[in-house]
Amino acid sequence: MITYDRLYIAGSWAAPSDPALLEIRSPHDQSVIGRAAQARPADVDRAVAAARAAFDEGPWPRTAPAERIALVRRLNALREADAERIADLVSAENGSARWFTRAGQPGLTRQAEAYLGAAEAFGWEETLESAPAVRTVVRREPVGVVAAVIPWNSPFSAAMAKIIPALLAGNTVVLKVSPENSLSMGLLAELLERTGLPEGVISVLPADRETSEYLVSHRDVDKIAFTGSTRAGRRIAAIAGEQLKRVSLELGGKSAAIILPDADLERAVAGLKFASLLNNGEACIAQTRVLAPRSRYEDVVTALKDLVESLKVGDPADPGTFIGPMVRRDQQQRVRDYIELGIREGARLVTGGPQVPPGLENGNYVTPTVFADVDNSLRIAQEEIFGPVLVVIPYDDEDDAVRIANDSEYGLSGGVWSADETHALEVARRLRTGTVTVNGAPISFDGPFGGHKASGIGREYGAVGLAQYIEYKSVTLAASGG
């Protein structure tokens, strides 16, 4: 049993305005695994006021970039030292299979190193000879107070993707995390405390949606960095637009995996095991629309059926488990409702269904499901289900495949499978999505990550992600002797 009865505000642990503690329950069996304080608007006021004072009057924004880099590097080292505990805690809270949370820890290191490398090479101040007898000093300066709001499905990845570049740029941060992740994000707060950041630079607040909206609407917040649903992103964009706040949004997805006729099917299906079903299917980048050529359609459907039926569903702490429970009861019901909808819409149920896997009735479990004979206009092909549900869509030719892949309000991720990598790249160039993987290649943390269309605004990772947290200032001077 883990208990956090205080909130991490402005660099220290403080009594919450509401002393009631939220029970954190295991998605596997509903047992109570911890209790944690939850932030209310009064706590947000304290955190934002401290962040405002630390930005306006404190040393952090004026600290040399090299010193900020050193402290962020220390934070990353502390996280690496606790990687196993982090992975197990996220698994216990979220129901994410332990293979996934542990395999993700080296990725967090690569994510951090990409940001740190970008910060070391960043031109924080440059002088341009902009005109005869004129010099322009161009400065990259922090935006101000950042409200970073993250979802529950991959909390450490989402948190570090925002707080690392924000801190490297010299901003102060109020990190709003989901109640489900109160325990793992409490551990993150402990790591931040040990990092040695100046007072007021960062707070970590688990809170509900109402308190989250209070934070992003706060008049002393200069920028909102959000990861979550498209619906919530639209609301945040409206608030940001009304108040002219800077905003970056990483939102939902309904990504397509195009299997070209020459693809190695065994390799493609082995790759889709991870690309489509990572983190129990609760991943915005999951490639859950599988586009198959009519010439090989039934082969693809059969291969996916065999794959999904081979995956062990069960206790996320079991090393043999590939798919664990959904994070909450309502999420479990949402996924089951979509499966029932697919049946009503006339799609062919290949494997799975709305029933709970036998013996797992106490948890938030869903039977992994594959639908075939799916038209891209069906709701199960257009709406983000956020669970282990795949739809297999036939296409006539390459142009048809690209058309179907692009026929979505989303544009976050996608994949192309082919024996000809050069040709796969040509197809990838035609997709209206922020990230495309070829033959299962991993996503790079040096390149920008984010979405087209309803999948978001702005980018994360590397130099482009770091630039989301800076403002430009131009100072013009007369050239020497001019």
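Residues numbered from 1 in each chain as written. Predicted model: local features only at pLDDT ≥ 70, side-chain atom pairs only at ≥ 80, totals over all residues. Heavy atoms only, no water.

> Explain the overall build of the protein to me, and be specific about the residues and the numbers.
In terms of helices and strands, the protein carries 15 helices and 21 strands. Expected size for 482 residues packed as a compact globule is a radius of gyration near 23 Å; at 23 Å, the protein falls within 12% of this value. Once the C-alpha set of the protein is aligned to its principal axes, its extents read approximately 75 × 60 × 40 Å. Sequence-distant contacts in the protein: of pairs separated by 6 or more residues, those separated by 24 or more amount to 73%. As displayed, the protein offers around 18,900 Å² of accessible surface, 51% of which is attributable to carbon and sulfur atoms. Computed over 51 positive and 63 negative side-chain charges, the separation of the two mean positions in the protein equals 3 Å. (Helix = DSSP H or I, 4+ residues; strand = E, 2+ residues; numbered from the N terminus. Rg over C-alpha atoms; globule rule 2.2 N^0.38 Å. Contact = heavy atoms within 4.5 Å. Areas by Shrake-Rupley, 256 points an atom, 1.4 Å probe, with all protein chains shown as cover. Lys, Arg positive; Asp, Glu negative; His and termini not counted. Charge placed at Lys NZ, Arg CZ, Asp CG, Glu CD.)

> Go over the sheet that holds strand S14 (residues 289–293) with me, naming the residues and quoting the values.
As summarised here, the arrangement of the 7 strands in space is S15-S16-S17-S14-S13-S18-S19, forming an open sheet in which the pairing is mixed. Both outer strands of the open sheet, strand S15 (348–351) and strand S19 (437–438), are each paired with one neighbouring strand and no more. Relative to S19, strand S18 (residues 414–417) runs parallel, the two being bridged by 2 bridges. Looking at the pairing, Gly 415 lines up with Thr 437 of S19. (Pairing = 2+ DSSP bridges.)

> With reference to specific residues and values, describe the sheet that holds strand S21 (residues 470–478).
Taken in spatial order, the 3 strands line up as S6-S7-S21 in an open sheet, and their pairing is antiparallel. At either margin of the open sheet sits one strand with a lone partner, and together these are strand S6 (125–131) and S21. The sheet shows a mean angle of 25 degrees between the axes of neighbouring strands, direction not considered. (Axes fitted to C-alpha atoms, helices over the stretch in contact; angles between N-to-C directions.)

> So what's going on with the packing of aromatic side chains? Which residues, and what values?
A full pass over the atoms with the stated rule returns 10 aromatic pairs. Relative to Phe 322, the ring of Trp 99 has its centre 4.7 Å away and its plane inclined at 15 degrees; by these criteria the two rings are stacked. Note that Trp 99 is positioned in helix H4 (residues 98–121) and Phe 322 in the loop between helix H10 (297–310) and helix H11 (329–345), a separation of 223 residues in sequence. Note on Phe 449 and Tyr 461: the rings are 5.4 Å apart at their centroids and 20 degrees apart in plane angle, and the pair reads as stacked. In this pair, Phe 449 is assigned in the loop between S19 and strand S20 (456–457) and Tyr 461 in the loop between S20 and helix H15 (462–467), connecting sequence segments 12 residues apart. Of the two residues, Phe 449 and Tyr 461, both sit in the buried class. Ring pairs connect the aromatic residues Trp 99, Phe 100, Phe 274 and Phe 322, which therefore count as one cluster. Over the ring of Trp 124 we find Arg 68; its NZ or CZ atom is 5.4 Å from the centre of that ring. In this arrangement the basic side chain of Arg 140 is found over the ring face of Phe 122, its NZ or CZ atom lying 5.0 Å from the centre. (Phe/Tyr/Trp six-rings, centres within 6.5 Å; stacked < 30°, edge-to-face > 60°. Buried < 20%, exposed > 50% of the residue type's maximum accessible area, 1.4 Å probe, protein only. Lys NZ or Arg CZ within 6 Å of the ring centre and 35° of its normal.)

> Give a detailed account of the UniProt feature "active site" (unreviewed entry) in the protein, specifying residues and quantitative values.
Taking the numbering used here, the UniProt-annotated feature "active site" (unreviewed entry) corresponds to Glu 250. Assignment of secondary structure puts Glu 250 in strand S12 (residues 246–250). Apart from the residues lying within four places of it in its own chain, the contact partners of Glu 250 are Phe 226, Thr 227, Gly 228, Cys 284, Leu 412, Phe 449, Ser 455 and Glu 460. (UniProt positions renumbered as here; feature names shortened; annotations may be inferred.)

> Could you give an account of the packing of helix H2 (residues 65–81) against helix H6 (residues 182–195), naming the residues involved and the relevant values?
Close contact between H2 and H6 brings their axes to 9 Å; oriented N to C, the two are set at 135 degrees. Classified by the angle between their axes, H2 and H6 sit oblique to one another. Handedness of the H2/H6 crossing: right-handed. Contact residues: H2 offers Leu 71, Arg 74, Leu 75, Leu 78 and Arg 79, while H6 offers Leu 191, Leu 192, Arg 194 and Thr 195. Tallied by class, the residues present in the contact of H2 with H6 amount to 5 nonpolar, 1 polar and 3 charged. (Parallel < 35°, antiparallel > 145°, perpendicular 65-115°, else oblique. Left-handed = near helix turned anticlockwise from the far one by under 90°. Nonpolar A, V, L, I, M, F, W, Y, C, P; charged D, E, K, R; others polar.)

> Can you lay out the side chain of Asn 364 for me, pointing to particular residues and giving the numbers?
Within the fold, Asn 364 resides in the loop between S15 and strand S16 (369–372). On the basis of relative accessible area, Asn 364 is assigned to the buried category, the value being 2%. Here Val 327 takes part through its backbone oxygen, which lies 3.4 Å from a polar atom of the side chain of Asn 364. When residues no more than four places from it in sequence are discounted, the contact partners of Asn 364 are Pro 27, Gln 30, Pro 325, Met 326, Val 327, Arg 328, Arg 329 and Gln 332. (Polar contact = N/O pair within 3.5 Å; in protein donor to acceptor, adjacent residues only side chain to side chain.)

> For the pattern of salt bridges, give the residues involved together with the corresponding values.
Per the stated rule, a full pass over the model turns up 33 salt bridges. Here Arg 25 makes a salt bridge to Glu 23, at a shortest N to O gap of 2.8 Å. Across the pair Asp 399 and Arg 430 runs a salt bridge, and its minimum N-O distance is 2.9 Å. Remark: Arg 430 occurs in the loop between helix H14 (421–429) and S19 and Asp 399 occurs in helix H13 (residues 398–406); sequence separation between them is 31 residues. For Asp 399, a relative accessible area of 49% translates into the label partly exposed. Arg 430 sits in the partly exposed class, given a relative accessible area of 37%. One network of salt bridges, in which partners are shared, links Glu 84, Asp 88, Arg 98 and Arg 102. (Salt bridge = Lys/Arg side-chain N within 4 Å of Asp/Glu carboxyl O.)

> I'd like to hear about the side chain of Thr 136, residue by residue, with values.
Here Thr 136 is to be found in strand S7 (residues 134–142). Setting aside residues up to four positions removed in sequence, Thr 136 forms contacts with Glu 126, Thr 127, Leu 128, Ser 130, Ser 474, Val 475 and Thr 476.

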